Amino acid sequence: MTDFLSELHRRRTFAIVAHPDAGKTTLTEKLLLFGGAIQTAGAVKSNKIKRSTVSDFMEIERQRGISVSTSVMGFEYRNLQINILDTPGHEDFAEDTYRTLTAVDSAIVVVDVANGVEKQTEKLTKVCRMRDTPIIFFVNKMDREGKDAFDLLDEIEQKLSVKVTPLSWPIGMGQRFRGVYNLYEKKLVLFRAHGKQEDEDIIVFEDLSNPELEKHIGETAARELRNEVEVVETVYPAFKAEDYQNGTVCPVFFGSAVNNFGVKEMLDCFVEIAPTPLPRHTEERLVRPEEQKMTGFVFKIFANMDPKHRDRIAFFRICSGKFERNTNYRHIRLGRDVKFPAPTMFMASKKTILEEAYPGDVVGLYDSGNFKIGDTLTEGELLHFRGIPAFSPEQFRYVENADPLKTKQFVKGLEQLMDEGVAQMFTRQSDGRRIVGTVGQLQFEVIQHRLESEYGAKCRYEPVNLHKACWVHATDQKALDEFLDRRKRDIARDNDDNLVFLAETAWILQTVQENFPGIEFRFTSE
Ligand code: G4P
């Protein structure tokens, strides 16, 4: 038991999220270098999809290949097991990122000092906030000119509705960037471009009024730093680990990932303050990681990486107990036992078959089509993990079978792609037509391409005039029946058979909400 608890307390599972180009891949790589999980720079491939003149499909396949191998990057650092969960770079795959965020215990948000808070920074931080996930901000590219640090912190607080407290403070920026003052450990860390951060660059500096400061960074920078730190100490709250852990205050670090600067500061602080595996809510009760019985859920599926074998890998987050190879676990949705002879652990580019895994770990389970996103495994107890939301999609098209001889393949392919979470499908009750809903344009291409290459089926899209699809709930059965009857034409079922209202325009949605006060219209499936 003590072994189990000490293994559990060694786990730190988090995601790095950012608007594309802020430096997520670079930062991930530097963290892996510190952890010794990779030896050379360039080993972590960007999973960005670059819309280019070369075939997008090639890009999509390339990205899928990278995404499998980088889904979880584990390494040891200071006797802790660190698991970084990767998130897709392209905003059309944002939903995949939202789901990954349900499987972490904390997040690092990378912000480009010149661009500040961008669209994806806003969306992703909002998803973290929904679950009070503790966040650390890393302000990147300090070697370039960018926004004033105080202005940037104001922008983060205002646009993201969070409270921040800087744990390091930049000394200049761009050409004048001299380093950071680590407020957390009271150390001066001097910047050397493209260097490894060496011990002699770090100077313990308890008291900034010490005239030695001028020797290291010059008079002007020393004066500025003293003034700014004085302001920082009066404006921002003193850092308390509990405030960060319960999601009320977000520490901020400044650095330059490509120069490997400021990264170690953040990592060293992260391992001290980041939460160990957190309890998780199920429909039935709260599951604590210390519980002896194994529980967990699937948050991501990759299918058919090798089209010759219908193989899939389901990524499974362990929430409590010890997971063991070749042991029967109850697949709650299917109501039967399943076991896994070759569960896989990913350590950066290497993968190994594991004998056991602990809460916070993510294991890859090979599967022949039994899993859907959100599925729960337990030792028998009837539990359903919450928090794997489907978001109301933003783009819609009718999807039609374009090859009548391949109907079976078409139906099966669509079904499996939906299980994987590539998009959502709604079947309109009045005419049985299928409507695919996505968050981005790219998914339509992905579906068409993968149906053809993996299932030998062809699909055709037709435009559909839709503004939103929202899930319908009502406690009053009579009110629900009346609503369903009156709006027959606009009612659909999602893939899990839930009732969905298809609103053609924002105006219709608003009118319907006013006319049917007994009906609740939800924009996530939770
Ligand atoms: P992403 O995963 O968030 O999309 O970003 P990524 O790490 O791929 O970084 C985007 C670009 O920003 C890369 O340049 C990268 O080298 C650069 N970058 C990352 N950190 C820093 C930094 O601290 N300072 C500066 N000046 N640049 C940084 P690229 O030209 O797109 O690619 P590459 O050819 O350099 O790899």
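This is a predicted model, so every value here is computed, not measured. For every chain, the first residue of its written sequence is number 1, and the numbers climb from 1 along that sequence. In keeping with the model being predicted, local features are shown solely for residues with a pLDDT of at least 70 and side-chain atom pairs are shown and tallied solely at 80 or more, while totals for entire chains, interfaces and linings include all residues. Each side-chain value is worked out from all heavy atoms of the structure, with water and hydrogens disregarded.

1. Comments concerning the overall build of the protein
Reasoning step 1: Helical segments are the DSSP runs of H or I of at least four residues, strand segments are the runs of E of at least two, and each set is numbered from the N terminus. Regarding its fold elements, the protein presents 14 helices and 31 strands.
Reasoning step 2: Buried means the residue's accessible area, taken with a 1.4 Å probe over protein chains only, is under 20% of the maximum for its type, while exposed means over 50%, and partly exposed covers the values in between. Considering the protein as a whole, with its 526 residues, one finds that 55% of them fall into the buried category.

2. Considering helix α4 (residues 94–101)
Reasoning step 1: The buried count for α4 comes to 8 of 8 residues, which makes it a mostly enclosed element.
Reasoning step 2: Within α4 the residues assigned to the buried category are Ala-94, Glu-95, Asp-96, Thr-97, Tyr-98, Arg-99, Thr-100 and Leu-101.
Reasoning step 3: The secondary structure elements touched by the buried residues of α4 are β1 (11–18), β3 (80–85), α5 (119–130), β14 (295–303) and β25 (424–428). We call two residues in contact whenever any of their non-hydrogen atoms come within 4.5 Å of each other.

3. Some details on the site of the ligand
Reasoning step 1: Taken together, 16 residues lie near the ligand, and Asp-21, Lys-24, Thr-25, Thr-26 and Ser-256 sit nearest.
Reasoning step 2: In protein, a polar contact means a hydrogen-donor-capable atom and an acceptor-capable atom, both N or O and within 3.5 Å, with residues adjacent in sequence counting only if both atoms are side-chain atoms; elsewhere, any N or O pair within 3.5 Å suffices. Between the ligand and Asp-21, the relevant distance is 2.6 Å, taken from an oxygen atom to a main-chain nitrogen or oxygen of the residue.
Reasoning step 3: Separating an oxygen atom of the ligand from a backbone N or O atom of Lys-24 is a distance of 2.7 Å.
Reasoning step 4: Residue contributions to the shell around the ligand peak at 3 residues, all from helix α2 (residues 24–34).
Reasoning step 5: Across the shell around the ligand, the residue classes break down as 4 nonpolar, 6 polar and 6 charged. For this description, a residue counts as near a given molecule or strand if any of its non-hydrogen atoms is within 4 Å of it. When residues are grouped by polarity, Ala, Val, Leu, Ile, Met, Phe, Trp, Tyr, Cys and Pro land in nonpolar, Asp, Glu, Lys and Arg in charged, and all others, Gly among them, in polar.

4. Some details on helix α13 (residues 477–486)
Reasoning step 1: Every buried residue of α13 is listed here: Ala-479, Leu-480 and Phe-483. Buried residues in α13, looked at end-on, bunch into an arc of 100°, giving them a common side.
Reasoning step 2: Residues of α13 that are buried sit in contact with β28 (468–473), β29 (491–493), β30 (499–503), α14 (506–515) and β31 (520–522). The arc in question is the one traced by the directions running from the helix axis out to the C-beta atoms.

5. Here we look at the pairing of strand β9 (residues 187–190)
Reasoning step 1: Two strands pair when backbone bridges link them, and strand β8 (residues 179–182) and β9 are joined in this way by 4 bridges, in the antiparallel orientation. Of the residues in β9, the one forming a bridge with Asn-182 is Lys-187.
Reasoning step 2: Strand pairing is assigned whenever DSSP detects at least two bridges linking the two strands. What sits between the antiparallel neighbours β8 and β9 is a turn of 4 residues, in which Lys-186 has the positive phi angle 55°.
Reasoning step 3: Bridge count for β9 against strand β10 (residues 202–204) is 3 bridges, and the pairing is antiparallel. Bridged to Val-189 within β10 is Ile-202.

6. Structural notes on the sheet that holds β30
Reasoning step 1: Taken in spatial order, the 8 strands line up as β27-β24-β26-β25-β29-β30-β28-β31 in an open sheet, and their pairing is antiparallel. Here the strands that pair on one side only, and so sit at the sheet edges, are β27 (459–463) and β31. Ignoring strand direction, the axes of neighbouring strands in this sheet form an average angle of 40°.
Reasoning step 2: Of the pairings in the sheet, the one linking β28 to β31 comprises 3 bridges and is antiparallel in character. If you follow Trp-471 over to β31, its bridge partner there is Arg-522.
Reasoning step 3: The axes used here are C-alpha line fits, helices contributing only the stretch in contact, and every angle between their N-to-C directions lies in the interval 0 to 180 degrees. Relative to the sheet, α14 contacts β28, β30 and β31, its axis offset from that of β30 by approximately 130°.

7. Brief notes about the environment of Thr-407
Reasoning step 1: With respect to the secondary-structure elements, Thr-407 resides in helix α11 (residues 407–419).
Reasoning step 2: With relative accessibility at 37%, the residue Thr-407 sits in the partly exposed group.
Reasoning step 3: Taking the C-alpha atoms as reference points, Thr-407 and Ala-457, separated by 50 residues in sequence, lie 7.6 Å from one another.
Reasoning step 4: Among the polar contacts listed, one links the side chain of Thr-407 to the backbone oxygen of Pro-404, at a separation of 2.8 Å.

8. Describing the packing of α2 against helix α10 (residues 263–273)
Reasoning step 1: At their nearest, the axes of α2 and α10 sit 10 Å apart, and the two run at 70° to each other. With respect to each other, α2 and α10 are oriented roughly perpendicular. The handedness of the crossing between α2 and α10 is right-handed. In this structure, α2 contributes Leu-27, Lys-30, Leu-31 and Phe-34 to the contact, and α10 contributes Val-263, Lys-264, Met-266 and Leu-267.
Reasoning step 2: Its residues assigned to classes, the contact of α2 with α10 comprises 6 nonpolar, no polar and 2 charged. Each angle receives one of four descriptions, namely roughly parallel if under 35 degrees, roughly antiparallel if over 145, roughly perpendicular if within 65 to 115, and oblique otherwise. Two helices crossing with the near one rotated counterclockwise from the far one by less than a right angle form a left-handed crossing, whereas a clockwise rotation gives a right-handed crossing.

9. Here we look at the sheet that holds strand β4 (residues 106–112)
Reasoning step 1: The 7 strands are arranged β2-β3-β1-β4-β5-β11-β6 in an open sheet whose pairing can be described as mixed. The open sheet has two edge strands with one neighbour each: β2 (72–77) and β6 (163–166). Between one strand and the next, the sheet's axes are offset by a mean angle of 30°, whatever the strand orientation.
Reasoning step 2: In this sheet, strand β5 (residues 135–140) lies alongside β4 in parallel orientation, the contact comprising 6 bridges. Note that in β5 the partner of Val-110 across the bridge is Phe-138.
Reasoning step 3: Each of β4, β5, β6 and β11 (249–254) touches helix α6 (residues 149–160); the most contacted strand, β6, lies at about 155° to it.

10. Some points on the packing of aromatic side chains
Reasoning step 1: Ring pairs are drawn from Phe, Tyr and Trp, using the six-membered ring of Trp, whenever the two centres fall within 6.5 Å, and their geometry is named by plane angle: stacked under 30 degrees, edge-to-face over 60, tilted for the rest. What the rule picks out here adds up to 20 aromatic pairs.
Reasoning step 2: Here the aromatic rings of Phe-426 and Trp-471 are separated by 6.5 Å at their centres, their planes lie at 65°, and the arrangement is edge-to-face. With Phe-426 in strand β25 and Trp-471 in strand β28, the pair connects residues that are 45 residues apart, well separated along the chain. The same class applies to Phe-426 as to Trp-471, namely buried.
Reasoning step 3: Seen in terms of ring centroids, Phe-444 and Tyr-461 are 5.3 Å apart; in terms of plane orientation they differ by 75°. Their pairing is edge-to-face. Placement of the pair is Phe-444 in helix α12 (residues 442–455) and Tyr-461 in strand β27, with a sequence separation of 17 residues.
Reasoning step 4: For Phe-444, a relative accessible area of 2% corresponds to the buried category.
Reasoning step 5: Put simply, the rings of Phe-316, Phe-323, Tyr-329, Phe-340 and Phe-371 touch in pairs and so form one group of aromatic residues.
Reasoning step 6: Its guanidinium or amino end placed over the ring of Tyr-461, Arg-397 lies 5.4 Å from that ring's centre, counting from NZ or CZ. Only Lys NZ and Arg CZ are tested; either one counts as a charge over a ring when it is within 6 Å of the ring centre and within 35 degrees of the ring normal.

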